Amino acid sequence: MESRSLVPQSSSFKLPVAQLRSVYRTDEVERKLAKLPQRDYESLRTTYERMLERGPERFQVKPSGVPHMASLYDQLPNFDKVLDDVKRHVALSQDSRDGLEVTPMLLLGPPGIGKTHFAKKLAELLGTGMSLVPMSSMTAGWLLSGSSSQWKGAKPGKVFEALVDGQYANPVIVVDEIDKASADAQYDPLGALYSLLEHDTAQSFMDEFAEVAIDASQVIWITTANDARSIPEPILNRMNVFEIEAPTLDAARRIALNLYTSIRAEHDWGHRFAPEPQDDLLDQLAELAPREMRRALMTAFGNARLAGRDDVAVEDLPKPGTAKGRMGFVQ
């Protein structure tokens, strides 16, 4: 698929230079549309017409450089190895016309450790947004690759939607809890990934609904799992696997501090509270998994407000229930 340079009128540090990349061929769409019977296939006809109306070009964007990743190391201290890998790719594409290409990655670790949060932060860095495909609730493999237009209620898959209905040629697509994909003898839920995770075959990915070749080679794939044993070896071999450990006590305190300041900054009511929390509050929050910290902080902010205080105290945190949310620390 073709690409050409474009300099946006209003640049930000995230999107200094973008390229326009064609993610499908309009002549192929026109041929498909012309061959459709006059009756039936209304949904497919609408899809082709939308593709022609929108045109094939999408933004391919990248961060302005390595320095702008520094804050992510502070926000995600237990993801330093993953960030190092992304930084290498950013460095390669910096000061060049090349787009950012990141090898598909698997984030392996216990629930609540921040794997999906990392994916969102990476999407923010790239400025392309994120599509989440939760495999734990996925009952049909065609959600990734679309279902045949011959079937009742058929529609395109998530990859098609992200590239054709979205604005970017290189969106972040997160396949969450890939190890939870239900084994279906009739249709492998992971079947589409065999071609999508390979750069060459992804250039002409065929959604089963539209049956038009889509360039998915620039998609940035992030998969997450708690256990790699149920993931097929050919899928594992297509990804860089990173084992995400629980944060150290110091790292957990930094995560809690970042969450406190970000929540405070995100809300108008945040100015009512102290710019930084007390040390004992951070110590208590650091015992929670990163996923639990935000919920605990929101409860604590509310309790402090009810008490008429501008500081959040340990007693404002929700009372500990089971130890389910507790996180063991790396020494």
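From a predicted model like this one, the values you see are computed outputs, not experimental measurements.

A. Summary view of the overall build of the protein. Scanning the protein for helices and strands turns up 13 helices and ten strands. The burial tally for the protein puts 46% of its 331 residues in the buried class. Within the protein, contacts between residues at least 6 apart in sequence are counted, and of these 73% link residues at least 24 apart. Roughly 16,700 Å² of accessible area belongs to the protein as shown, and the carbon and sulfur atoms make up 49% of that amount.

B. View of the pairing of strand β4 (residues 105–108). Of the two faces of β4, the one carrying Met105 and Leu107 and the one carrying Leu106 and Leu108 are both buried. One ladder, built from four bridges, connects β4 with strand β9 (residues 220–225); its direction is parallel. Bridge pairing in β9 links Leu108 to Ala225.

C. Main features of the confidence of the model for the protein. Of the residues in the protein, 86% reach a pLDDT of 70 or more, and the chain-wide mean stands at 84. Residue range residues 5–16 is modelled with pLDDT below 50. Its contacts to residues more than four positions away, or to other chains, number 29 contacts. This stretch, residues 322–326, has a pLDDT under 50; its non-local contacts, to residues over four places away or in other chains, come to seven contacts.

D. Fine view of a negative patch on the surface. On the surface, Asp40, Glu42, Glu49 and Glu53 cluster together into a patch of negative charge. Mapping Glu49 onto the fold places it in helix α2 (residues 42–54).

E. View of the packing of aromatic side chains. Under the definition given, this model contains six aromatic pairs. Summarising the aromatic geometry, the rings of Phe59 and Tyr168 are spaced 6.4 Å apart at their centres and angled 45° between planes, so their arrangement reads as tilted. Separated by 109 residues along the polypeptide, Phe59 in strand β3 (residues 57–61) and Tyr168 in the loop between α7 (158–165) and β6 (172–176) bring together distant segments of the chain. Ring centres of Trp269 and Phe273 lie 6.0 Å apart, and the angle between their planes is 85°; on these two criteria the pair is classed as edge-to-face.

F. Focus on the side chain of Arg58. In this fold, Arg58 is placed in strand β3. In terms of polar contacts, Arg58 uses its side chain to reach the backbone carbonyl oxygen of Gly55, at 2.7 Å. A polar contact is formed between the side chain of Arg58 and the backbone oxygen of Leu163, at a distance of 3.0 Å. Residues within four places of Arg58 in sequence aside, it is in contact with Gln19, Leu20, Arg21, Val23, Tyr24, Leu163, Val164, Gly166, Gln167, Tyr168 and Ala169.

Calculation notes
Residues numbered from 1 in each chain as written. Predicted model: local features only at pLDDT ≥ 70, side-chain atom pairs only at ≥ 80, totals over all residues. Heavy atoms only, no water. Helix = DSSP H or I, 4+ residues; strand = E, 2+ residues; numbered from the N terminus. Buried < 20%, exposed > 50% of the residue type's maximum accessible area, 1.4 Å probe, protein only. Contact = heavy atoms within 4.5 Å. Areas by Shrake-Rupley, 256 points an atom, 1.4 Å probe, with all protein chains shown as cover. Pairing = 2+ DSSP bridges. pLDDT = per-residue confidence, 0-100. Patch = residues over 30% accessible without salt bridge, like charges linked within 9 Å, V, L, I, M, F, W, Y side chains within 5 Å. Salt bridge = Lys/Arg side-chain N within 4 Å of Asp/Glu carboxyl O. Lys, Arg positive; Asp, Glu negative; His and termini not counted. Charge placed at Lys NZ, Arg CZ, Asp CG, Glu CD. Phe/Tyr/Trp six-rings, centres within 6.5 Å; stacked < 30°, edge-to-face > 60°. Polar contact = N/O pair within 3.5 Å; in protein donor to acceptor, adjacent residues only side chain to side chain.

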